[in-house]
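Each chain, letter by letter, is given below.
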Amino acid sequence: MTRRYAIYFAPPPASVLAELGAELLGRDPETGEARPQPRLDGLDPDRFHAITKDARHYGFHATLKAPFPLAEGVSGEALHAAAEAFAAGRAPATGPALALASIGGFLALVPSADAPAVHGLADACVEAFDRFRAPLTAAELERRRRSPLTPAQDRHLERWGYPYVFDEFRFHMTLTARLTDKAEHDRVRTLLAERTAPVCIDPLRIDAIAVYEQADRQSPFLVTGRYPLKGASA
């Protein structure tokens with residue numbers, strides 16, 4: 001029953017990107033309400049619901065600080081206060097337009113070119129909020145290591161509780177599970193490319209960070225705080 005927290009980028013509520021994410025995944029992480037998913041030509045609705053299950057559980061987002069239970073002696077209120085203070089001194093981050101891509105078979109929206117400001121924001125979040133994270137247990141380390149990790153990723157896992165940070169980080173907004181059947185992968189990619197085209201035009205802009213929470217690992221993540229980035233631009 002351990003509550004977990006995460007620091008994510010969540011598109012502004014009611015924005016085109018937020019509405020698209022909620023529609024495709026079938027849940028609004030702001031309210032927790034289920035959304036009817038679109039019918040995609042030639043794809044069984046139950047299958048689409050199944051391949052978006054994990055992404056729906058986490059809520060449409062991009063990870064800045066991966067989910068963690070709180071360290072002993074710190075509170076959720078303290079984390080929210082730290083997030084507000086961090087955001088007050090950090091400038092918004094901008095990057096190129098998003099593009100649909102396949103990451104190891106997962107379909108996700110990613111920056112269409114290098115995004116150093118976005119990468120820098122993620123790096124800063126990893127460091128700034130690490131003091132709130134409970135150390136990984138031996139069982140959690142073992143579970144993570146079931147997936148092949150490079151030596152660098154394993155060092156990040158031990159130090160930061162997550163392997164895909166700093167030099168291993170890639171900004172992404174996950175839409176599906178890993179699709180191992182090539183024909184299905186290519187079909188879903190084509191269908192999602194059509195659906196996501198309207199949000200792949202304007203440059204990416206991150207104006208706020210969001211705190212997401214889940215009551216336990218079986219519960220879906222919800223946005224419980226959103227903090228505008230108010231710092232002066234470099």
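Residues numbered from 1 in each chain as written. Predicted model: local features only at pLDDT ≥ 70, side-chain atom pairs only at ≥ 80, totals over all residues. Heavy atoms only, no water.

Participant: Help me understand the overall build of the protein chain, please; the structure alone is not making it clear to me.
Facilitator: The secondary structure content of the protein chain amounts to eight helices and eight strands. Over its C-alpha trace the protein chain gives a radius of gyration of 17 Å, about what one expects of a compact globule, namely 17 Å for 234 residues. Projected onto its principal axes, the C-alpha positions of the protein chain cover 50 × 40 × 35 Å. A buried classification covers 49% of the 234 residues belonging to the protein chain. Considering only contacts in the protein chain between residues 6 or more positions apart, those separated by 24 or more positions represent 73%. Accessible area for the protein chain stands at about 11,600 Å²; split by element, carbon and sulfur atoms hold 52% of it. Across the protein chain, the mean location of the 28 positive side-chain charges is 2 Å away from that of the 30 negative side-chain charges. (Helix = DSSP H or I, 4+ residues; strand = E, 2+ residues; numbered from the N terminus. Rg over C-alpha atoms; globule rule 2.2 N^0.38 Å. Buried < 20%, exposed > 50% of the residue type's maximum accessible area, 1.4 Å probe, protein only. Contact = heavy atoms within 4.5 Å. Areas by Shrake-Rupley, 256 points an atom, 1.4 Å probe, with all protein chains shown as cover. Lys, Arg positive; Asp, Glu negative; His and termini not counted. Charge placed at Lys NZ, Arg CZ, Asp CG, Glu CD.)

Participant: I'm lost on the side chain of Asp216 in this one. Help?
Facilitator: Positionally, Asp216 belongs in the loop between β7 (208-214) and β8 (222-228). One buried charged side chain, Asp216, makes no salt bridge at all; its nearest oppositely charged neighbour is Arg3, positioned 7.8 Å away. Within the structure, the side chain of Asp216 is placed 2.9 Å from the backbone nitrogen of Gln218, a separation counted as a polar contact. (Salt bridge = Lys/Arg side-chain N within 4 Å of Asp/Glu carboxyl O. Polar contact = N/O pair within 3.5 Å; in protein donor to acceptor, adjacent residues only side chain to side chain.)

Participant: Sorry if this is basic, but what is going on with the environment of Asp207 here?
Facilitator: By secondary structure assignment, the location of Asp207 is in the loop between β6 (203-206) and β7. Residue class for Asp207 comes out partly exposed when judged on its relative accessible area of 34%. Put simply, Asp207 and Gln153 are 54 residues apart on the chain and 29 Å apart in space, counted from C-alpha to C-alpha. Residues contacting Asp207, with those up to four places away along its chain left out, are Pro92, Tyr227, Pro228 and Leu229. A distance of 2.6 Å separates the side chain of Asp207 from the side chain of Arg205, its partner in a polar contact.

Participant: It is not clear to me how the nonpolar core should be interpreted in this structure. Could you clarify?
Facilitator: The nonpolar side chains of a soluble globular protein tend to be buried, and buried together. Core analysis: the biggest nonpolar cluster contains 49 residues, and Phe129, Phe171 and Ile209 have the highest contact counts within it. Each residue touching Phe171, except ones within four places of it in the same chain, is listed here: Phe9, Ala62, Leu98, Leu109, Val110, Pro111, Val118, Leu204 and Ile206. Within the second largest apolar cluster, seven residues are counted, among which are Ala6, Ala210, Tyr212 and Phe221. (Core = buried A, V, L, I, M, F, W, Y, C linked by side-chain atoms within 4.5 Å.)

Participant: Even after reading the chapter, I still don't get the sheet that holds strand β3 (residues 93-103), so can you show me in this structure?
Facilitator: Hydrogen bonds between backbone groups are what pair the strands of a sheet, and the pairing can be parallel or antiparallel. Sheet architecture is open: four strands sit in the order β5-β4-β3-β6, paired in antiparallel fashion. If you trace the sheet from one side to the other, it starts and ends with β5 (173-174) and β6, each paired once. Note: β3 against strand β4 (residues 106-111), six bridges, orientation antiparallel. Note on β4: the bridge partner recorded for Leu98 is Pro111. (Pairing = 2+ DSSP bridges.)

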